[in-house]
Amino acid sequence: MDEQEFNTALQAINDQSFVLEANSVQPMGGMVYYVNSNTNFVSLNNGQAMVQIASNSPYPGPNGLGGVTVQGNASNIQAKQDKDGNVYLLMNVQGVFISATVSLVLMNGSNKATVTVDPNFSGRDLTMTGTLLPYSQSNIFQGTTY
């Protein structure tokens, strides 16, 4: 089963149409926060990348989900597989409210992945860990996008 999930995730990366549904978020190497995977994600589809962070905070935040949702054009998308079978994807994301380098690692043999969003101007990187799925199979809930 894990090998099939890995192959499905690898195909989603190759198709450039995937969602990493995060179950944990770690800002700037700090504490790990366990989060709802359908409202915390990084996605790529039709050349558009999206990063959404949501919390259980009583404050709605800019996206209405206690966090922020930013979208931008993905460019310089590069994917490669190392000798151990791990898959690495690197892309730049440029939008009105995001300018970042996004690095994703899919571990060989499963659909578990880690993504790091490194903003180009603030140095306040964010790491998210979760399950990588084809965009069409994801179950995400998107907030108000900027």
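**Digging into the overall build of the chain**
Argument step 1. Scanning the chain for helices and strands turns up 1 helix and 9 strands.
Argument step 2. The linear arrangement of helices and strands in the chain, starting from the amino end, is α-β-β-β-β-β-β-β-β-β.
Argument step 3. A compact globule built from 146 residues would reach a C-alpha radius of gyration of about 15 Å, and the chain, at 14 Å, matches this within 12%.
Argument step 4. By the burial criterion, 40% of the 146 residues in the chain qualify as buried.
Argument step 5. Sequence-distant contacts in the chain: of pairs separated by 6 or more residues, those separated by 24 or more amount to 48%.
Argument step 6. For the chain, the exposed surface amounts to about 7700 Å²; the carbon and sulfur share of it is 50%.

**A few points about the pattern of salt bridges**
Argument step 1. Here the structure, examined in full by the defined rule, presents 1 salt bridge.
Argument step 2. Notably, a salt bridge pairs Lys83 with Asp84, separated by 3.9 Å at the nearest N-O pair.
Argument step 3. On the accessibility criterion, Asp84 (48% relative accessible area) is partly exposed.

**A closer look at a nonpolar patch on the surface**
Argument step 1. Taken together, the side chains of Val96, Phe97 and Tyr146 present a nonpolar region at the surface, about 360 Å² in accessible area.
Argument step 2. On the secondary structure map, Phe97 appears in the loop between β6 (87-94) and β7 (99-106).
Argument step 3. Accessibility expressed as a relative area gives 57% for Phe97, which makes it exposed.

**Things to note about the environment of Gly66**
Argument step 1. Inspection of the secondary structure assignment puts Gly66 in the loop between β4 (48-53) and β5 (68-81).
Argument step 2. Taking C-alpha positions, Gly66 is 4.9 Å from Ser55, a pair spaced 11 residues apart along the chain.
Argument step 3. Dropping the residues within four chain positions of it, Gly66 is found in contact with Ala54, Ser55, Tyr59, Pro60 and Gly61.

**Comments concerning helix α1 (residues 2-14)**
Argument step 1. Taking 1.5 Å per residue, 13 residues should reach 18 Å; α1 reaches 18 Å between its end C-alpha atoms and fits that length.
Argument step 2. Taken together, the buried positions of α1 are Phe6, Ala9, Leu10, Ala12 and Ile13. Considered in projection along α1, the buried side chains sweep an arc of 155° and stay on one side of the axis.
Argument step 3. Elements that come into contact with the buried residues of α1 comprise β1 (18-27), β5, β6, β7 and β9 (126-134).
Argument step 4. Count one or two residues on from α1 and you reach Gln16, which has phi positive near 55°.

**Structural notes on the pairing of β4**
Argument step 1. Pairing analysis gives 5 bridges linking strand β3 (residues 41-45) to β4, with the strands arranged antiparallel. Residue pairing for β4: Asn45 is matched across the bridge by Gln48.
Argument step 2. Two strands pair when backbone bridges link them, and β4 and β5 are joined in this way by 6 bridges, in the antiparallel orientation. Within β5, the position partnered with Gln48 by the bridge is Asn73.

**Considerations on the nonpolar core**
One broad trend across soluble globular proteins is that nonpolar side chains are buried collectively.
Argument step 1. Ile13, Phe18, Met91, Leu104, Leu106, Met128 and Leu132 are the most contacted members of the largest nonpolar core, which totals 30 residues.
Argument step 2. Ranked by residue count, the leading element in this core is α1, at 5 residues.
Argument step 3. Each residue touching Met128, except ones within four places of it in the same chain, is listed here: Leu20, Ala22, Ser24, Val25, Asn40, Phe41, Val42, Gln52, Ile53, Ala113, Thr114 and Val115.

About the criteria used
Residues numbered from 1 in each chain as written. Predicted model: local features only at pLDDT ≥ 70, side-chain atom pairs only at ≥ 80, totals over all residues. Heavy atoms only, no water. Helix = DSSP H or I, 4+ residues; strand = E, 2+ residues; numbered from the N terminus. Rg over C-alpha atoms; globule rule 2.2 N^0.38 Å. Buried < 20%, exposed > 50% of the residue type's maximum accessible area, 1.4 Å probe, protein only. Contact = heavy atoms within 4.5 Å. Areas by Shrake-Rupley, 256 points an atom, 1.4 Å probe, with all protein chains shown as cover. Salt bridge = Lys/Arg side-chain N within 4 Å of Asp/Glu carboxyl O. Patch = residues over 30% accessible without salt bridge, like charges linked within 9 Å, V, L, I, M, F, W, Y side chains within 5 Å. Expected span 1.5 Å × (residues − 1). Arc of directions from axis to C-beta. Pairing = 2+ DSSP bridges. Core = buried A, V, L, I, M, F, W, Y, C linked by side-chain atoms within 4.5 Å.

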